[in-house]
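Coordinate inspection notes
Take a look at the letters that make up each chain.
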Amino acid sequence: MSEAPNSPKKATDCSIAEDNKKALQFIEEVTTNVDEVQKRVLAEILSRNANVEYLQRHNFNGQTDRETFKKVIPVITYEDIQPDINRIANGDKSPIFSSQPISEFLTSSGTSGGERKLMPTIQEELGRRLQLHGLMMSVISQSVPDLEKGKGMYFLSIKSEAKTPGGLPARPVLTSIYKSPYFSNRRLSPYANYTSPAETILCPDTYQSMYSQMLCGLCQNKEVLRLGSYFASGFIRAIRFLEKHWSLLCNDIRMGTINPQITDLSVREAVMKILKTDPELADFIEAECSKDSWKGIITRLWPNTKYVDVIVTGSMSQYIPTLDYYSNGLPLVSTMYASSECPFGINLNPFCKSSEVSYTLIPTMGYFEFSQIHRSNDVPNSISMSESPNEKEQQQLVDLVDVKIGQEYELVVTTYSGLYRYRVGDVLRVAGYKNNTPQFTFVCRENVILSIDSDKTDEVELQNAVENAVRNLMPFDAHVTEYTSYADTANIPGHYVLFWELSINISTPIPPSVVEDCCLTIEESLDSVYRQGRASDKSIGPLEIRIVEIGTFDKLMDYCVSLGASIDQYKTPRCVRFAPLVELLNSRVVSSHFSQTCPNWVPGHRQWNNMN
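Presented here is a report on the structure given in the accompanying data block. Quick caveat, the model's predicted, so the values are computed rather than measured.

Topic: the overall build of the protein
Helix and strand counts for the protein come out as 22 helices and 22 strands. On C-alpha atoms alone, the protein measures out to a radius of gyration of 25 Å, which is about the 25 Å that the 2.2 N^0.38 rule sets for 612 residues. Judged by the C-alpha coordinates and their principal axes, the protein covers about 80 × 70 × 55 Å. Counting the 612 residues in the protein, one finds 55% classified as buried. For the protein, restricting intrachain contacts to residue pairs at least 6 apart in sequence, the fraction spanning at least 24 positions comes to 71%. Entry remark: accessible area of the protein is about 25,700 Å², with carbon and sulfur atoms responsible for 50%. Side chains of the protein give 59 positive and 73 negative charges; the mean places of these two sets differ by 5 Å.

Structure representation (structure tokens):
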């Protein structure tokens, strides 16, 4: 079997072509021999970790065959292994999950008790993630030749990180990558030549980082062949940032100086290596940004751009119309599918329509199993999720080669870092095949009903938050009779909207400030990812409560029944995405109220901070 390309070396045109050929050959081979590869991957994981505590605990005595593995090892969720994870976080260095040392925790955007989940990882896993990126760029190079001769303008940033009580870093996976030696040596890779110097990406100040990256991207506008950010929401924030600050940026380019608001000395020094006095470029940018319409602003300012590299699947699909507007219809390329638990796969047809994006799981990344999902048809956009599989269902989880086209599944993964039969919580639909390997469209996160950026709020979290908030109404003899929600992305940053129908006592009217307090209480009750997005990253706007007329939710039910929902089984949806339902609710709003301050947030888990 061919080996996947390893860490990059300084490339020539000849070596680039050869590396791309090897990468494509590797993809062909592993997707053809997928089941053999999966058996080998599982055996390798189990063999190297034969003596770890977790496997020993289940009396898994060094076996490496798939049949015994499925029979003996349970399917788990985060809560099942959280006590062991806490041991590692608190300094236990014994081989609990992996025979290799845990190098850090990758913080998942999923939640557990209002905090980020901590995913233990080993050093080699970073190389596997970068390997996936290399495979993807070889695929794209088939459609866009000579990409290595230009630059990528990517708006990248680090998130706040913490140290566990045992001294291990705990940070999002992208922050881990950007702070790694692999990233600092990225210019050795022909496809990792970016307009942004490392200092601008690693700058912890959000404004200074965005400003300096935009300035560098404008200075090198003719060299840019591709641009983007990890999520669609992040890229749109960058364009909206340009809308607000283009005059300052033009002045810097015209004068060859940096705005004094950029105080980070390493950032200033890095930018000055790129910034040159260029009145002609400044005039050009000013003329384009001064026009009444910003339609197509991307292709106007960066005329050689071939595509926009952003994730537009799942909750990010809500941003597609805005991206099309700004990019003048450039291809929107969703390249990879990965999570903090594991890198999964790539999009082998990167220039397909956004609605047709599918990912081919690369079988060397981990061992993959699938639990079938059953969809409920009573309410638009609803999914009926199963509880934890029982023992019989666990053994009936299907392997990668056994999924069926058109069916939906929850992904279950076993990783080199030491997760065994772990429920990732992603719902995938089988869309087709690459050789013998299925291709999946991403449907949604399990039970997630609201998401603006990297936040993921499920129905239980929202219900608990609302219950906390309605206590503010008790002195006024009022309560919430029904509610629903939706993610409003009409403006950037987007924000959560809750529609409340109230039962009130006319003799004790509710002051608007009390409903504003309800907004903040809900935000304080949501998880740390949401609160970070509000308080630190500013990627989420203030939460809004819209009070609706009495009888609104009866009309909502009538409308859903008219669409075919069963009146006997109807349950008020806790989130609405279907446009007519949102329009119906908005037509009956009597008042709107926003959170007036940001919720509390500090890096790290609450229990760690309480120890200090």
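Considering the sheet that holds strand E13 (residues 398-399)
An order of E9-E10-E11-E16-E15-E14-E12-E13 is seen for the eight strands of this open sheet, with the pairing classed as antiparallel. Looking at the sheet topology across the chains shown, the edges are occupied by strand E9 (336-338) and E13. Examined bridge by bridge, strand E14 (residues 408-414) and strand E15 (residues 422-434) share five bridges and lie antiparallel to one another. The residue of E15 that forms the bridge with Glu 408 is Arg 429.

As for the packing of helix H11 (residues 232-255) against helix H15 (residues 320-327)
Put simply, H11 and H15 touch, their axes get as near as 10 Å, and they point 45° apart. The pairing of H11 with H15 is recorded here as oblique in orientation. Of the two possible hands of crossing, H11 and H15 adopt the one that is left-handed. On the side of H11, the interface is formed by Ala 232, Phe 235, Ile 236, Ile 239, Arg 240 and Glu 243, while H15 contributes Thr 322, Leu 323 and Tyr 326.

Points about the nonpolar core
With 83 residues, the main nonpolar core has Phe 344, Leu 361, Phe 368, Phe 370, Leu 411, Tyr 420 and Tyr 422 as its most contacted residues. Tallying contributions element by element places helix H6 (residues 124-143) first for this core, with seven residues. With near-sequence residues (within four places) excluded, Phe 344 lies in contact with Leu 132, Tyr 337, Ala 338, Ser 339, Thr 360, Leu 361, Ile 362, Met 365, Phe 368, Leu 411, Val 413 and Val 424. Residues Leu 218, Leu 227, Ile 236 and Trp 294 belong to the second largest nonpolar core, which totals 77 residues.

Concerning the pattern of salt bridges
With the rule as written, the count across this model stands at 34 salt bridges. Ionic pairing is found between Glu 124 and Arg 48, a salt bridge with its closest N-O pair at 3.1 Å. Residue Glu 124 is located in helix H6, and its partner Arg 48 is located in helix H2 (residues 34-48); the two are separated by 76 residues in the primary sequence. What makes Glu 124 partly exposed here is its relative accessible area of 27%.

Details of the packing of helix H17 (residues 459-469) against helix H18 (residues 512-525)
In contact at an axis separation of 8 Å, H17 and H18 are set at 140° when each is read in the N-to-C sense. The angle between H17 and H18 places the two elements in the oblique class. When you trace H17 past H18, the crossing you get is right-handed. Two secondary-structure elements touch here, H17 through Ala 465, Val 466, Asn 468 and Ala 469 and H18 through Cys 518, Thr 521, Ile 522 and Ser 525. Residues that form the contact of H17 with H18 fall into these classes: five nonpolar, three polar and no charged.

Reading guide: rules and limits
Residues numbered from 1 in each chain as written. Predicted model: local features only at pLDDT ≥ 70, side-chain atom pairs only at ≥ 80, totals over all residues. Heavy atoms only, no water. Helix = DSSP H or I, 4+ residues; strand = E, 2+ residues; numbered from the N terminus. Rg over C-alpha atoms; globule rule 2.2 N^0.38 Å. Buried < 20%, exposed > 50% of the residue type's maximum accessible area, 1.4 Å probe, protein only. Contact = heavy atoms within 4.5 Å. Areas by Shrake-Rupley, 256 points an atom, 1.4 Å probe, with all protein chains shown as cover. Lys, Arg positive; Asp, Glu negative; His and termini not counted. Charge placed at Lys NZ, Arg CZ, Asp CG, Glu CD. Pairing = 2+ DSSP bridges. Axes fitted to C-alpha atoms, helices over the stretch in contact; angles between N-to-C directions. Parallel < 35°, antiparallel > 145°, perpendicular 65-115°, else oblique. Left-handed = near helix turned anticlockwise from the far one by under 90°. Core = buried A, V, L, I, M, F, W, Y, C linked by side-chain atoms within 4.5 Å. Salt bridge = Lys/Arg side-chain N within 4 Å of Asp/Glu carboxyl O. Nonpolar A, V, L, I, M, F, W, Y, C, P; charged D, E, K, R; others polar.

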